[in-house]
Amino acid sequence: MNGAVRRSGRRAGPLVAVGMMSGTSLDGVDAAVLTTDGHRISAFGPSRYRAYDDNERGVLRSALGKWQGPEVDAASAVVNRVHAEVLDGFAGLDLVGFHGQTLAHEPRGRGTLQVGDGAALAQGCGVPVVWDFRSDDVAMGGEGAPLAPFFHFAAAKYIGATEPLCFLNLGGVGNLTYVDPGFDAPEEPGALLAFDTGPANAPVDDLMSARLGQAMDKGGALAAQGTVENGALELFLSESYFARIPPKSLDRNDFSEMIQLVRELSDANAAATLTAMSAAAVMQGMAHCPTPPARLLVTGGGRHNPVLMEMLRVALDCPVQPVEAVGLDGDMLEAQAFAFLAVRVAHGLPTSCPGTTGVGAAVGGGVISRPQPAGTLA
Ligand SMILES: Nc1ncnc2c1ncn2[C@@H]1O[C@H](COP(=O)(O)OP(=O)(O)OP(=O)(O)O)[C@@H](O)[C@H]1O
Ligand SMILES: CC(=O)N[C@H]1[C@@H]2OC[C@@H](O2)[C@@H](O)[C@@H]1O[C@H](C)C(=O)O
């Protein structure tokens, strides 16, 4: 283990970290290796994906929105087991960044809950694990999300961006980061503005699951056959969330009643309308950017949906491209973000700031669990 893992605040050397993310889509676990000193990305490493099987996904789904109880314990056990399995495929690591699975998120209420036990994971793999990334930010008045923006800042520097640009993650929920790469550090006021745009793939996934027993609208094939119902779209856009000044964040199921807005529509028209809602939420979000960005780089599973991507291209004034256009991996960007954030936590650096979560001052969240030597465990 590299001795730099401490909350020192001084500039420490690069570490090899793996980040592991189980997102709101409940599709599976992404894991990706990154070498970084917490400021600069030195190198990207190997990555792995492990899909949840139907049984595991069912266990996670039944625990969504719950804070405790047997469903939460069962979900936690699935998360622990699958992450330990994924981690087994990596070698030569200094550190693990373990996001866990968000089950509930109410930053202005009961808090935020990501299940998964980082201490047990550290004991199992023999490498320090950084986890519970969001709680400190929420405790200090922040939204606790999104947290990828500090990584987006480093990614903008990595690709040599000189003008302000946006990253858009289209996961179950959508989140947007405006980055001004002219600043030296992500926590400088003005360097970042970030927030959740609204629901992204979750409503279409839920529709496909409820009506057709399928996990997603693959390639936007169903939406492509449908027509957008503008009345439902307007009702959706009248939600007060869209006018709220960012930073702001969402729980996966905050907009779950959207399905009701399309209940009278055919499968194809419902898919087209829900897809248009996700795109419209992004358009509303883009209006909050302090200056027009030079480009919108799209990451997350939604970039594989050509109908959604075309809706964004038609609606926005700037080029809309998958992050692959600048050499990044849009399936692994969030996992890489939690590798990056783990190193920042280990080096005593902040992981969120007023521009990204609305927290009062820059805060370094996360808990570090180190494996205990044999014989010291109770
Ligand atoms: N080929 C495809 N066609 C259409 N949609 C797709 C395709 N591939 C992935 N998706 C969508 O992307 C979703 C998964 O995206 P992703 O893995 O980025 O989500 P996540 O990381 O779980 O969510 P979040 O970022 O909100 O935590 C799927 O559930 C599906 O809706
Ligand atoms: C509470 C929570 O888990 N939020 C997720 C979710 O998924 C997308 C969006 O909502 C974003 O805010 C966040 O994840 C990403 C990785 C983030 O924190 O940047």
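Remember, it's a predicted structure, so these values are computed and weren't measured experimentally.

Focus on the overall build of the protein
Here is step 1 of the chain: Counting secondary structure elements, the protein contains 13 helices and 12 strands.
Here is step 2 of the chain: Over its C-alpha trace the protein gives a radius of gyration of 20 Å, about what one expects of a compact globule, namely 21 Å for 378 residues.
Here is step 3 of the chain: In terms of overall dimensions, the protein has C-alpha extents of about 65 × 50 × 35 Å along its principal axes.
Here is step 4 of the chain: The proportion of buried residues among the 378 residues of the protein is 56%.
Here is step 5 of the chain: When the accessible surface of the protein is split by element, carbon and sulfur atoms take 51% of a total near 14800 Å².
Here is step 6 of the chain: Put simply, the protein has 26 plus and 40 minus side-chain charges, and the middle of one group is 5 Å from the middle of the other.

Structural notes on the sheet that holds strand 11 (residues 320-322)
Here is step 1 of the chain: Strand order in the open sheet formed by 5 strands is 9-8-7-10-11, with mixed pairing between adjacent strands. Of all strands in the sheet, those with a lone pairing partner are strand 9 (192-199) and strand 11, marking the two edges. Here the average twist between neighbouring strands, direction ignored, is 25°.
Here is step 2 of the chain: Examined bridge by bridge, strand 10 (residues 296-299) and strand 11 share 3 bridges and lie parallel to one another. Bridge assignment links Val298 to a residue of strand 11, and that residue is Pro322.

Regarding the pattern of salt bridges
Here is step 1 of the chain: One pass over the structure, following the stated rule, counts 14 salt bridges.
Here is step 2 of the chain: Of the charged contacts in the structure, one is a salt bridge between Arg50 and Glu56, with a shortest N-O distance of 2.9 Å. Per residue, the accessibility class of Arg50 equals that of Glu56, and both read buried.
Here is step 3 of the chain: Taking the shortest distance from any N to any O, the salt bridge between Arg61 and Asp206 comes out at 3.5 Å.

Digging into the UniProt feature "binding site: ATP" (unreviewed entry) in the protein
Here is step 1 of the chain: Feature annotation in UniProt assigns "binding site: ATP" (unreviewed entry) to the following positions: Gly23, Thr24, Ser25, Leu26, Asp27, Gly28, Val29 and Asp30.
Here is step 2 of the chain: Within the secondary structure, Leu26 sits in the loop between strand 1 (15-22) and strand 2 (28-36).
Here is step 3 of the chain: The buried category is assigned to Leu26, whose relative accessible area is 0%.
Here is step 4 of the chain: The residues contacting Leu26, other than those within four sequence positions of it, are Tyr52, Arg57, Leu60, Arg61, Leu64 and Gln101.
Here is step 5 of the chain: Positionally, Gly28 belongs in strand 2.
Here is step 6 of the chain: A relative accessible area of 1% means that Gly28 is categorised as buried.

A look at the domain arrangement of the protein
Put simply, an interface is often sized by how much accessible area is lost when its parts join up.
Here is step 1 of the chain: Domains assigned within the protein are domain 1 (15-145 + 332-369) and domain 2 (160-326).
Here is step 2 of the chain: Between domain 1 and domain 2, the C-alpha centre-to-centre distance is 23 Å.
Here is step 3 of the chain: Of the roughly 1600 Å² buried at the junction of domain 1 and domain 2 (both faces included), carbon and sulfur atoms supply 50%.
Here is step 4 of the chain: Where domain 1 meets domain 2, there are 3 salt bridges.
Here is step 5 of the chain: Across the contact surface, domain 1 and domain 2 share 10 residue pairs in polar contact (both at pLDDT 80 or more).
Here is step 6 of the chain: Those elements that provide at least two residues to the side of domain 1 that touches domain 2 are strand 4 (95-106), helix 12 (333-346) and helix 13 (354-357).

Let's talk about unusual backbone geometry
Here is step 1 of the chain: The omega torsion across Ala145 and Pro146 is -10°, close enough to zero to call that bond cis.
Here is step 2 of the chain: Among the secondary structure elements, Pro146 is positioned in the loop between helix 4 (135-139) and helix 5 (149-158).
Here is step 3 of the chain: Cis geometry marks the peptide bond from Pro246 to Pro247, where omega comes out at 0°.
Here is step 4 of the chain: Positionally, Pro247 belongs in the loop between helix 8 (230-237) and helix 9 (258-261).
Here is step 5 of the chain: Despite not being glycine, Leu26 shows a phi value in the positive range, around 60°.
Here is step 6 of the chain: Even without being glycine, Asp132 reaches a positive phi, approximately 50°.
Here is step 7 of the chain: Here Asp132 lies in the loop between strand 6 (129-131) and helix 4.

Conventions used here
Numbers given for residues are sequential positions, taken from 1 along each chain in its written order. Chains carry letters and ligands carry numbers; both start at the beginning, A for chains and 1 for ligands, and go up in the order they are written. Local features in a predicted model are, by the rule used here, given only for residues with pLDDT of at least 70; side-chain atom pairs are given and counted only at 80 or more, and totals for whole chains, interfaces and linings are based on all residues. By convention in this description, side-chain values take in all heavy atoms of the structure and omit both hydrogens and water. Helical segments are the DSSP runs of H or I of at least four residues, strand segments are the runs of E of at least two, and each set is numbered from the N terminus. Each radius of gyration is computed over the set of C-alpha atoms, and the globule rule expresses the reference value as 2.2 Å times the number of residues to the power 0.38. For every residue, the accessible area (1.4 Å probe, protein chains only) is compared with the maximum for its type, and the residue is labelled buried under 20%, exposed over 50%, or partly exposed between those bounds. Here, Shrake-Rupley sampling with a 1.4 Å probe gives the accessible areas, and only protein chains in the shown set may cover a residue. When charges are tallied, Lys and Arg are placed among the positive residues and Asp and Glu among the negative ones, while His and the ends of the chain are skipped. To locate a charge, take atom NZ for lysine, CZ for arginine, CG for aspartate or CD for glutamate. For two strands to count as paired, DSSP must find a minimum of two bridges between them. Note on method: axes are straight lines fitted to C-alpha atoms, helices fitted across the in-contact stretch only, with angles between N-to-C directions ranging 0 to 180 degrees. Just to be clear on terms, a salt bridge is a Lys or Arg side-chain nitrogen sitting within 4 Å of an Asp or Glu carboxyl oxygen. UniProt positions are given in the numbering used here, feature names are shortened, and annotations may be inferred rather than shown by experiment. Contacts were defined at the residue level, with two residues in contact if any of their heavy atoms lie within 4.5 Å. Per the annotation, domain bounds derive from an automatic or database assignment of domains. Joining two parts hides part of their accessible area as seen by a 1.4 Å probe, and the buried area is that hidden amount summed over both. Definition of a polar contact: a pair of N or O atoms within 3.5 Å, with one able to donate and the other able to accept a hydrogen when the atoms are protein atoms, and with sequence-neighbouring residues admitted only if both atoms are side-chain atoms.

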